[in-house]
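Commentary on secondary and tertiary structure
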Amino acid sequence: MSAGPLAIPSVAARRGAARMSAVSLALWTVRFLVVALVVAGTIGTILKDRYTTAQWFEFVLFGLTIGSLYAQVALGYTMVYGVLRLINFAHGDIMMCGAFAGYFVATPLENSGFLEVHPVLGMAAILAAGMVVSGVIAVLTERIAYRPFRRVQGFAPLICAFGVSFFLEQTFRGLFGSSVKSYPAPKWEGVEFHWAGLSVPGVDLLVIVLAVAFMAVLYLIVQKTRMGMAMRAVSEDGEAAALMGVDVGKVIVFTFALGGAMAGIAGVFYAFLFKQVYFYMGFTPGIKAFGGAVLGGIGSVPGAMLGGFFLGLVESVGPSLFLDGIGIKAPYELRDVIAYTLMILVLVFRPQGILGEHMAKKRA
Amino acid sequence: MKTLTKAATTGLLFGVGGVYLALVGLLEMMQARPIVFGAVNLGQAVLALLALACGAVAARDAGPAFARAGAGLLGGLLAGALMALLQVIVATVPLQGMFIAASPALRNMLAFGFAPGPGALAMLLGGGIGGLAGAVLAVSVPSLRRAIVAGAAAVVIAGVFQELIQLMIQYEGIIGWIRDFVYTWQGLRPQGAVAIFVIAGGTSLVLSHRSSAGHVPSPDQRRRRRFISAGVALLVLVLMPLLAGAYIGEVLMLVGLYILMGMGLNLEVGLAGLLDLGFVAFFAVGAYTTALLMSGSSIGLLHLSYWEAMPIAVLVSILGGVLFGLPVLGVRGDYLAVATLGLGEIVRIVVLSDFAAPLLGGPQGVLDIPKPSIGSFELGSPVKLFYLTLVCAGVAAFIAWRLENSRLGRAWEALRDDEDVAQALGVNLIRSKLLAYGLGAAFAGLGGSIFATMLGSVYPSSFQLLISINVLALIIVGGMGSLPGVVLGAIALIGLPELLREFGEYRYLFYGAALIVMMRWKPEGLWPSEVRSRELHAAAGEAEPVAAMEPG
């Protein structure tokens, strides 16, 4: 009976069974409907047998690919939430900044042929641009918009974060135009690997491997370095950490820089996968990544990674698995609905997430 | 030394601000809007304002008068230098492939029409003079300064809104004579600008003279004065479309719609403290219900009249609000905001999808929705619909006002301040919250219902998250929990951008900046509710000693 929704029925129970039953009836109805939908859909799909093994493999692989990006963005949410108790709503837009930076490096590199000849060096330059720009912008937003609200309770910080999100989007629209820019596609990324009748696009593999590598580096930074230790101390208890001599301000700036750089990498990969860069591109993945962070347990670094991958998988496999089976036309259109529904369900039924047990108490 | 660094930083910051405005495309767009026809445009005015403000800020607490002047000069020069640098860069490096606003027209503007070299010098000089003037203005007599600011502001308003003002004074006789003195059909005349400046500045001088004669208004008087100004504003709102015609009627119709929705969200956010970003979901429910019930097209269900469809739409919205409210009862604060945001997006995607297309029409939407009529009198034009909206908003305002001080309103406020304490004190959490969701949804649904009949058709693309953000922004700018604040916010955030059409694309940039600035400097809003501003000030007073103890 610790957190969130459970608290209400339990208190209500003491006050009168009738009211309790109304709310918990609603909750149980929702649970039942969701489970019924998923089970019925899955059985329906299996009976129909419309998709081949290769297609399922494709769904899973794409889910892992997109999930690795959500995981990277979710890391930024979770770390900032850990140290500031703030939902940095603009984090998705920070990802967009990285994508734009990558685009402006990638285009001349591709046009000059450099990217074709030196894929490793070229990619490194693009990623570096994305990381630096996103990191710097993240630190700037902290300095300008979030720092005055460190001790403010209530909505002000979140509303400010909305403001930052709009400001960043519209600034990029004003600076670089509202058109969708197409990201260069070097020839080497069309490589496909074939194995046991399944084909694996090289891009997906590259994105997953690199994302996992970067996340491993981030995990090491958080676990092994002094700064990482300070970060964990601040997310555990900011005041106590300050009393022990941790420079909280520095930790916060470092957290924003780290989360921003990670989002920048994700932005470059996102643009790389979807071949499109535009000012609004960060919004949807940003919200979903937040869902991933909550799913994994907000404040928990491994949780964010897990949550991101899980969300990606559900979003990619879900339409065919659950929705197709119950006879919904064009289920792929509704994949965002699945992602958002999953997010709301997590917020309602398990706000502490999978791995975030201890954070939830402070939250609720 | 400290003064010097401060002046330099100020100058650089303002310079960066100017470069930002230029590159984001705003300066060039402002250039197209004249203030005094053929003499001054909005872009130049903004540049001048930047230099003046830079000088004034740089000169603040710089000590003796000559030091202040020096600080202002330095700040202005540095800001001008950055702008000049931008101009030279734009002239020499082809930047437009990246920054779409870095056009020759922008360079020309920043160089005041000169070649790059002399232009840079002119900008530098202009920045210096502006900064110095700003510093001088900052140290001058307050009443004089206020008079100059008032005069300049009056000229800017008269110039920027010349079309609207001229539309409203299409009379013969004395008014016609004054109009011809002040305006040509293209804009403000120089003589008119001078006259307006003198009149507004003079009035300000006289007023400040009188108020400095030891007359401080009591709180009671201040409140009365506020009510009088609110009444006047309302009267203007009611009469304006009659005076200014169909276009203004359309703008006001939109403003009225947002006032209506603002009142609803205000109950949820301002009173009950439930940050709801899924407002658009219930707006969509109201609009689609009305559309489906009324539409004459094949997708229409019952072909009802508006007066039958509207109550049903509102009821369906309430039902939706309560149904969504039940499961999210336990979700609090920031999490609730994100959950409701998710709901809004879900509704938008479902409405757009092929899955729901047989019922809701998919991307084509629902067409052919008749206008409401009373007897044989059809509310066809925007102006007539505006009055319908105004009546609805009035009813909504009355409900909101009565609720505010009712038992329920108090319960909401208790909920907002501390859920656990409120519950311990006997507030029925479930009922109060569900009522808040239901009422908020009702207002949103009513708004959607009017919206549907106003457009005569309903498309999924009308139901973006931006609607929720619009409504949220307007109650924040106006003042959370304050009814007149909602009206003020709707006029400022919905009405103004409609009048300044060409800035339409920059509207959300402005919203974003407004949200940050309001939260930072005036979290209680432009027209705060009394309770709220008292709370915020009390909280600020308490927070200070704590902050002082904090290391680093």
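Computed from a predicted model, the values in this text were never measured in an experiment.

Right, let's get into the overall build of chain A. For chain A, the count of helices and strands is 15 helices and four strands. At 22 Å, chain A has a C-alpha radius of gyration in line with the 21 Å of a compact globule built from 364 residues. Once the C-alpha set of chain A is aligned to its principal axes, its extents read approximately 75 × 60 × 40 Å. Residues counted as buried form 56% of the 364 residues belonging to chain A. As displayed, chain A offers around 14,900 Å² of accessible surface, 69% of which is attributable to carbon and sulfur atoms. In chain A, 26 positive and 19 negative side-chain charges are present, and the distance between their average locations comes to 11 Å.

Moving on, we come to the confidence of the model for chain B. Per-residue confidence for chain B gives a mean pLDDT of 82, with 93% of residues at or over 70. For the stretch residues 542-552 of chain B, pLDDT sits under 50, and the model shows five contacts to residues farther than four places along the chain or on other chains.

A separate point is helix α15 (residues 333-352) of chain B. An α-helical segment advances 3.6 residues per turn. Residues three or four places apart therefore align on the same side. Over its 20 residues, α15 of chain B runs 29 Å from end to end, which matches the ideal 28 Å to within 8%, given 1.5 Å per residue. With respect to burial, α15 of chain B is a largely interior element, 15 of its 20 residues being buried.

Right, let's get into the side chain of Ser468 of chain B. Residues and elements named next belong to chain B. Among the secondary structure elements, Ser468 is positioned in helix α21 (residues 465-478). By relative accessible area, Ser468 is classed as buried at 0%. In terms of polar contacts, Ser468 uses its side chain to reach the backbone carbonyl oxygen of Leu277, at 2.9 Å. When near neighbours in sequence (up to four residues on either side) are disregarded, Ser468 contacts Leu277, Gly278, Phe279 and Val280.

For the rest of this paragraph, the subject is the side chain of Asn88 of chain A. All names here are of chain A. Positionally, Asn88 belongs in the loop between α3 (53-84) and α4 (91-111). Looking at Asn88, the relative accessible area reads 2%, which means it is buried. Reaching out from Asn88, the side chain makes a polar contact with the side chain of Tyr146 at a distance of 2.6 Å. Beyond its immediate sequence surroundings of up to four residues, Asn88 is in contact with Tyr77, Val80, Tyr146 and Phe256.

Taken together, the contacts link 59 residues of chain A with 62 residues of chain B. Each partner contributes to the roughly 5,400 Å² buried at the junction of chain A and chain B, and carbon and sulfur atoms together form 76% of this total. Residue Arg173 of chain A is joined to Glu505 of chain B by a salt bridge in which the shortest nitrogen-to-oxygen separation is 3.0 Å. Inspection of the chain A/chain B interface yields three residue pairs in polar contact (both at pLDDT 80 or more). If you list the elements that add at least two residues to the side of chain A that touches chain B, you get α1 (7-15), α2 (17-48), α7 (156-176), α12 (283-296) and α14 (335-349) of chain A. The leading source of residues in the side of chain A that touches chain B is α7 of chain A, at 15 residues.

With that settled, the discussion passes to a nonpolar patch on the surface. All names here are of chain B. Among the surface-exposed residues, Tyr171, Ile174, Ile175, Trp177, Ile178, Phe181, Leu235, Leu239, Leu242 and Leu243 lie close enough to one another that they form a single nonpolar patch of about 1,000 Å² accessible area. No other element matches the five residues that helix α9 (residues 173-182) contributes to the nonpolar patch. Along the chain, Ile174 turns up in helix α9.

All right, on to the pattern of salt bridges then. Scanning the model with the defined rule gives nine salt bridges over all chains in all. For Glu315 of chain A, the salt bridge is made with Arg335 of chain A, and the minimal N-O distance between the two is 2.6 Å. Placement of Glu315 of chain A in helix α13 (residues 301-323) and of Arg335 of chain A in helix α14 is noted, with a sequence separation of 20 residues between them. Judged by its relative accessible area of 0%, Glu315 of chain A falls in the buried class. Asp417 of chain B is the partner of Arg416 of chain B in a salt bridge, and the nearest nitrogen-oxygen pair spans 3.4 Å. It is possible to trace a salt-bridge network through shared partners that takes in Lys288, Glu315, Arg335 and Asp336 of chain A.

In this section: the domain arrangement of chain B. All names here are of chain B. For chain B, the assigned domains read domain 1 (1-140), domain 2 (147-212) and domain 3 (232-541). One C-alpha centre belongs to domain 1, the other to domain 2; they are set 27 Å apart. Domain 1 puts seven residues into the contact, and the matching count from domain 2 is twelve residues. Carbon and sulfur atoms supply 69% of the area buried between domain 1 and domain 2, which totals about 810 Å² over both sides. Where domain 1 touches domain 2, the interface holds zero salt bridges. At the junction of domain 1 and domain 2, the tally comes to two residue pairs in polar contact (both at pLDDT 80 or more).

Glancing now at the nonpolar core. Residues and elements named next belong to chain B. Ranked by internal contacts, the top residues of the largest apolar core, which has 261 residues, are Leu27 and Trp412. The biggest single contributor to this core is helix α12 (residues 246-271), with 16 residues. Every residue in contact with Leu27, bar those within four places of it in the chain, is listed here: Gly18, Leu21, Ala22, Gly43, Val46, Leu47, Met83, Leu106, Met109 and Leu110.

Take the packing of aromatic side chains next. Applying the stated rule across the entire model yields 30 aromatic pairs over all chains. On the numbers, 5.4 Å between centres and 25° between planes, the contact of Phe100 of chain A with Phe176 of chain A is stacked. Within this pair, whereas Phe100 of chain A is found in helix α4, its partner Phe176 of chain A is found in helix α7, the two being separated by 76 residues in sequence. Comparing Phe100 of chain A with Phe176 of chain A shows no difference in burial state: the two are buried. Between Tyr508 of chain B and Tyr511 of chain B, the aromatic rings sit 5.2 Å apart at their centres with planes inclined by 75°, giving edge-to-face as the arrangement. Placement of the pair is Tyr508 of chain B and Tyr511 of chain B together in helix α23 (residues 507-521), with a separation of three residues, close to one helical turn. Exposure remark for Tyr511 of chain B: the relative accessible area of 1% places this residue in the buried category. A cation over a ring is seen here: Lys275 of chain A above Phe272 of chain A, with NZ or CZ 4.6 Å from the ring centre. For the cation-ring pair, Arg520 of chain B lies above Trp521 of chain B, with the distance from its terminal atom to the ring centre recorded as 4.8 Å.

To continue, consider unusual backbone geometry. All names here are of chain A. The backbone of Arg85 shows a phi angle near 55°, a positive value even though the residue is not glycine. On the secondary structure map, Arg85 appears in the loop between α3 and α4. The exposure class of Arg85 is partly exposed, given its relative accessible area of 31%.

Residue and element names in this part refer to chain A. Because side chains alternate across strand β3 (residues 198-201), one face comprises the buried residues Leu198 and Val200, and the other comprises Ser199 and Pro201, none of which is buried. Bridging between strand β2 (residues 192-195) and β3 involves four bridges; their strand directions are antiparallel. If you follow Trp195 over to β3, its bridge partner there is Leu198. As consecutive antiparallel partners, β2 and β3 are separated by two residues, and within that stretch Ala196 has a phi angle of approximately 50°, a positive value.

What counts as what
- Residues numbered from 1 in each chain as written.
- Chains lettered and ligands numbered in written order.
- Predicted model: local features only at pLDDT ≥ 70, side-chain atom pairs only at ≥ 80, totals over all residues.
- Heavy atoms only, no water.
- Helix = DSSP H or I, 4+ residues; strand = E, 2+ residues; numbered from the N terminus.
- Rg over C-alpha atoms; globule rule 2.2 N^0.38 Å.
- Buried < 20%, exposed > 50% of the residue type's maximum accessible area, 1.4 Å probe, protein only.
- Areas by Shrake-Rupley, 256 points an atom, 1.4 Å probe, with all protein chains shown as cover.
- Lys, Arg positive; Asp, Glu negative; His and termini not counted.
- Charge placed at Lys NZ, Arg CZ, Asp CG, Glu CD.
- pLDDT = per-residue confidence, 0-100.
- Contact = heavy atoms within 4.5 Å.
- Expected span 1.5 Å × (residues − 1).
- Polar contact = N/O pair within 3.5 Å; in protein donor to acceptor, adjacent residues only side chain to side chain.
- Buried area = accessible area lost by both parts, 1.4 Å probe.
- Salt bridge = Lys/Arg side-chain N within 4 Å of Asp/Glu carboxyl O.
- Patch = residues over 30% accessible without salt bridge, like charges linked within 9 Å, V, L, I, M, F, W, Y side chains within 5 Å.
- Domains from an automatic or database assignment.
- Core = buried A, V, L, I, M, F, W, Y, C linked by side-chain atoms within 4.5 Å.
- Phe/Tyr/Trp six-rings, centres within 6.5 Å; stacked < 30°, edge-to-face > 60°.
- Lys NZ or Arg CZ within 6 Å of the ring centre and 35° of its normal.
- Pairing = 2+ DSSP bridges.

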